[in-house]
Amino acid sequence: MEIIEQTNRTILFEEINPEKLDLLTMVGDTKGVESLSDEKIKEINEALLVKSFDEFLDKFSPVIYSFYNAANQKVLYTLKKPENIMDNCITEIPINKQNDFVKMLITLIDAKSAQGTANVDFKFENLLDMISPKKVMDDIRQSRKEIRYVYNQYEAIEEGDPQKLDVGDKLNYMFEEASQNYNNIMAMLPLAIEDIKTRLLLGNGDQKGSNELLQIGVLSMGENGELKIIEAPKSETTALTVLDDKANTGLISAFEEDYEAVSDISSGYVKSLVVRTFCPLPSTMQSEVDVSTEVQNYNTYLEFYKNAKDDFVKTVKPLVEKIIGVKMFFDQYALKNKGMQPTLLVTNTKLEMIVKSSNISRLDTFLNTVNAKNDFTNTVWFGIVPEVSMELGAKVKISRERFKGNEHSSRNDANTMESLAILLNAVKEYKIQIFFSFEGKEETTFSHIATAGIDRFIDKCSALVRQDYSEYAIPCIPNFTIIPKDKSGVILDNKMTINGVGAAELSKEKEDLMKLWIEGVYIGSSYIAAGLVAAWQCPYFLKESFKNTNKDYPGVRFDIESGDNALRTTTTMAKEISGFTNNIKNAINRKNFGFIFSSENAQVQGKDIKKITVYKARSLAGDGDEFDSIYKTTVSTYIERILRFSSNDFKQDNIVWFFSKNPSSQKSIWLSAKSYINSIIQEGDDINYAIDDKNGLCQIDITFNGNVKNLEVAITKNTAARA
């Protein structure tokens, strides 16, 4: 650990925000350039390297753009900023933890993880309505409670007190968050929908309407002592005062002033809506409203919101799946006291752009700078390539579509096998192990593999087998299901009607139920696989599950398939299915193919395992009938880098010393520490060398439980004797 401080830096080959800097742009023209300067690497790290999910969101600020088409009265969404459209006609929607769709998915993942419930039993509908207007309004109510609380604190502190300035800063931040949606009518629609419901259906707790007209009144006693509710005087219902204190009056003025200052195009209705939302007034509870107009507005808003939200979800889903994938990468390192914390370098450009003949040299120059030196601070060990195209088998040709069916086309942003192969060929020299996963769809989930097996994946990867780069190719299956396709319906609300006495009520008709379908959300297993492998590189992470961990060694030799290691070192993801059938498991064990996750019932030390575990951790290296464990490549890379450093770039006499029986030699030190879970050389392992003087090569044989892996390095002749 003193020589190589980290063995888990990972590079993500994905585009997150095209408006931000990317690796190709920052590296620039590399003609005649062998290596980048230290200043350039520092600049790249500052822009593209992240150590946490929050830092990732901060640096890349994922957004989606919306604009309106007046010709068809529709809102349009796009992941790339539209060109030739004026900026004031484009709305940027931040896709962060405050976004209702992202918030819903994170909450859903946390709930599933806490319960450990399989998909078939999990109540998805209880959380999916988080993007409905009602739930959006619940969040607003919590926000306005907090704003009111802080505003009261602010008002109570006397002028000149430094504490008032601190509270003012906090209040400014809260107003800033609230004001972000002033110019986003789409964000205001849920508020308008719930505002109308509150005013029209006031007094009906179930909000199903009533056959009696509502008149706000006050309780009084008659001359004979009888209780009466009489209609409240008009002057009382229109007063802009609230029951508690002056706080609301001050907040009303503050929000009105803020809206006028921030809004591009001021609207009296929207301003009143903002005030009513954050400062509820008695005047909002008046019975004299134009019911017909309000009901028409409500239904228009709700239908427009449903259609727009439907388009929004379909557009943003690929981006959100990437974002959640990054979160899952970091979540695997669930350690409070950070040690060798995984880091992620985001290329922020598409794979197909990187592997173009005109660009691949830029990647080569960057990797030559960080991976071909004896300074291992910025060395990249792993890579992630999600969304590799997974074409379906031959379909039966249909002359005409009688009924609406599924569209089986690949996603536009899917990576091709050809691009992946070019990348693997480029990174093999720099010994980067690439975790790749296939398109997120039903055909790549646990449920599908439990019935169909893994033969299709093996066939798909056949072109990558028996290649020089095969040991650096790690296919990851299955993908993780966040929301199953058949359980992805979101009920927004019911349309409103006017009953026989002119009062508004929610419709009970089936066709008036506003519902949209998310059509499933899936996370590429490459994110979780790379995240878990990066996590167990840290000895402090391993120490959480294994007492016999040596803090001086990384987890390069940790074999997840050995003993009960997989049951102790689980993912953070909840189980999805009851498990694979014995036939499927037998087929997997015969091939030992890929980095395969398992959703099985199991116990370790008397405790039920409720998380998804690793079943196999293999690369595509092997004879085609059985594949090698990924740790063999990691160990080989680690030993080569330690040897290069210790031998001063493979000087012959230093190599001889490295493998000597002297107690101070590196081999002797490793052999004396075989008993740890993360020992570099473990029981049954060995490491030997042979120098080929004629060809100037050193052949290193690394034995793993009887299986030998060969490593070859070019030696440097020298005559200086070791002191």
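The rules behind each value
Residues numbered from 1 in each chain as written. Predicted model: local features only at pLDDT ≥ 70, side-chain atom pairs only at ≥ 80, totals over all residues. Heavy atoms only, no water. Helix = DSSP H or I, 4+ residues; strand = E, 2+ residues; numbered from the N terminus. Buried < 20%, exposed > 50% of the residue type's maximum accessible area, 1.4 Å probe, protein only. Contact = heavy atoms within 4.5 Å. Areas by Shrake-Rupley, 256 points an atom, 1.4 Å probe, with all protein chains shown as cover. Pairing = 2+ DSSP bridges. Axes fitted to C-alpha atoms, helices over the stretch in contact; angles between N-to-C directions. pLDDT = per-residue confidence, 0-100. Phe/Tyr/Trp six-rings, centres within 6.5 Å; stacked < 30°, edge-to-face > 60°. Lys NZ or Arg CZ within 6 Å of the ring centre and 35° of its normal. Patch = residues over 30% accessible without salt bridge, like charges linked within 9 Å, V, L, I, M, F, W, Y side chains within 5 Å. Salt bridge = Lys/Arg side-chain N within 4 Å of Asp/Glu carboxyl O. Lys, Arg positive; Asp, Glu negative; His and termini not counted. Charge placed at Lys NZ, Arg CZ, Asp CG, Glu CD. Nonpolar A, V, L, I, M, F, W, Y, C, P; charged D, E, K, R; others polar.

Trainee: Can you help me understand the overall build of the chain in this one?
Mentor: Scanning the chain from N- to C-terminus turns up 24 helices and 25 strands. Within the chain, the fraction of its 723 residues that count as buried is 52%. Taking all contacts inside the chain whose residues are at least 6 apart in sequence as the whole, residues at least 24 apart take part in 72%. By element, 48% of the accessible surface of the chain is carried by carbon and sulfur atoms, the whole surface being about 34900 Å².

Trainee: Quick question: what am I supposed to make of the sheet that holds strand β11 (residues 473-477) here?
Mentor: What links the strands of a sheet is backbone hydrogen bonding, and the strands pair in either a parallel or an antiparallel sense. Here nine strands make up an open sheet; going across it, the order is β2-β8-β1-β9-β10-β11-β18-β21-β22 and the pairing mixed. With one partner strand each, in any of the chains shown, β2 (49-50) and β22 (627-629) form the two edges of the open sheet. On the sheet, helix α15 (residues 417-427) packs against β9 (382-388), β10 (433-438) and β11 and is oriented at approximately 170° with respect to β10. Contacts between helix α21 (residues 582-591) and the sheet are confined to β18 (595-598), β21 (613-622) and β22, with β21 contributing the most and set at about 35° to the helix.

Trainee: What is the right way to read the sheet that holds strand β4 (residues 74-78) from this model?
Mentor: As summarised here, the arrangement of the three strands in space is β4-β3-β5, forming an open sheet in which the pairing is antiparallel. Looking at the sheet topology across the chains shown, the edges are occupied by β4 and β5 (91-94). Here the strands of the sheet are splayed against their neighbours by 30° on average, with no regard to which way each runs. In this structure, strand β3 (residues 63-69) lies alongside β4, joined through five bridges in antiparallel fashion.

Trainee: Honestly, the confidence of the model for the chain in this entry has me stumped. Any pointers?
Mentor: Reading fine detail from the predicted coordinates is not recommended where pLDDT is low. Put simply, the chain has an average pLDDT of 85, and 87% of its residues get 70 or more. Taken as a whole, residues 235-245 scores under 50 in pLDDT and shows 16 contacts with residues more than four places along the chain or in a different chain. Below a pLDDT of 50 lies the segment residues 283-287, which in the model reaches eight contacts outside its immediate sequence neighbourhood of four places, other chains included.

Trainee: Where do I start with the packing of aromatic side chains in this structure?
Mentor: With the rule as written, the count across this model stands at 23 aromatic pairs. Taking the centre distance of 6.4 Å and the plane angle of 35° together, the rings of Tyr-638 and Trp-670 count as tilted. Separated by 32 residues along the polypeptide, Tyr-638 in helix α22 (residues 630-646) and Trp-670 in helix α24 (residues 666-671) bring together distant segments of the chain. The rings of Phe-382, Phe-435, Phe-446, Phe-480, Phe-580, Phe-595 and Phe-597 are connected pair by pair, giving a single aromatic cluster. Across from the ring centre of Tyr-154, 4.1 Å away, lies the NZ or CZ of Lys-164, which sits over that ring.

Trainee: Explain a negative patch on the surface here, please?
Mentor: Taken together, the side chains of Glu-5, Asp-38, Glu-39 and Asp-375 present a region of like negative charge at the surface. Structurally, the position occupied by Asp-375 is in the loop between α14 (360-371) and β9.

Trainee: For this particular structure, what's the right way to read the packing of helix α3 (residues 53-60) against helix α12 (residues 291-331)?
Mentor: Helix packing for two helices is described by the angle between their axes and how far apart those axes are. Interhelical geometry of α3 versus α12 gives an angle of 145° and a closest axis separation of 9 Å. Together, Phe-53, Phe-56 and Leu-57 of α3 and Ile-323, Val-326, Lys-327 and Phe-330 of α12 make up the contact between the two elements. Taken together, the residues of the contact of α3 with α12 break down into six nonpolar, no polar and one charged.

Trainee: Please explain unusual backbone geometry as it appears in this structure.
Mentor: Peptide bonds are trans in most cases, and residues, glycine excluded, mostly fall at negative phi. In this structure, the amide linkage connecting Ile-477 to the following residue, Pro-478, adopts the cis form with an omega of -10°. Position of Pro-478 among the secondary structure elements: in the loop between β11 and β12 (480-483). Not every positive phi belongs to a glycine, and Asn-348 is a case in point at roughly 60°. Positionally, Asn-348 belongs in the loop between β8 (344-346) and α13 (351-354). We note that Glu-519 has phi near 65°; this positive angle belongs to a residue other than glycine.

Trainee: Teacher, can you tell me more about the pattern of salt bridges here?
Mentor: If the charged atoms of two oppositely charged side chains come close together, the side chains can form a pair. A complete count under the given rule lists 23 salt bridges for this structure. Here Glu-55 makes a salt bridge to Lys-59, at a shortest N to O gap of 3.4 Å. Residue Glu-55 and its partner Lys-59 are located together in helix α3, separated by four residues, close to a single helical turn. Note that Glu-439 is salt-bridged to Lys-441, the shortest N-O span being 3.8 Å. By relative accessible area, Glu-439 is classed as buried at 2%. In this structure Lys-441 comes out as buried when scored by relative accessible area, which is 14%. Members of the salt-bridge network, linked through shared partners, are Glu-194, Lys-197 and Asp-493.

Trainee: Teacher, can you tell me more about the pairing of strand β24 (residues 697-704) here?
Mentor: For a regular strand, side-chain orientation follows a simple rule: the groups alternate between the two sheet faces. With six of its eight residues buried, β24 lies for the most part within the structure. Across seven bridges, the pairing between strand β23 (residues 686-692) and β24 is antiparallel. In the strand pairing of β24, Ile-691 is matched with Cys-698. Between β23 and β24, which pair antiparallel in sequence order, lie four residues; one of them, Gly-696, sits at a positive phi of approximately 65°.

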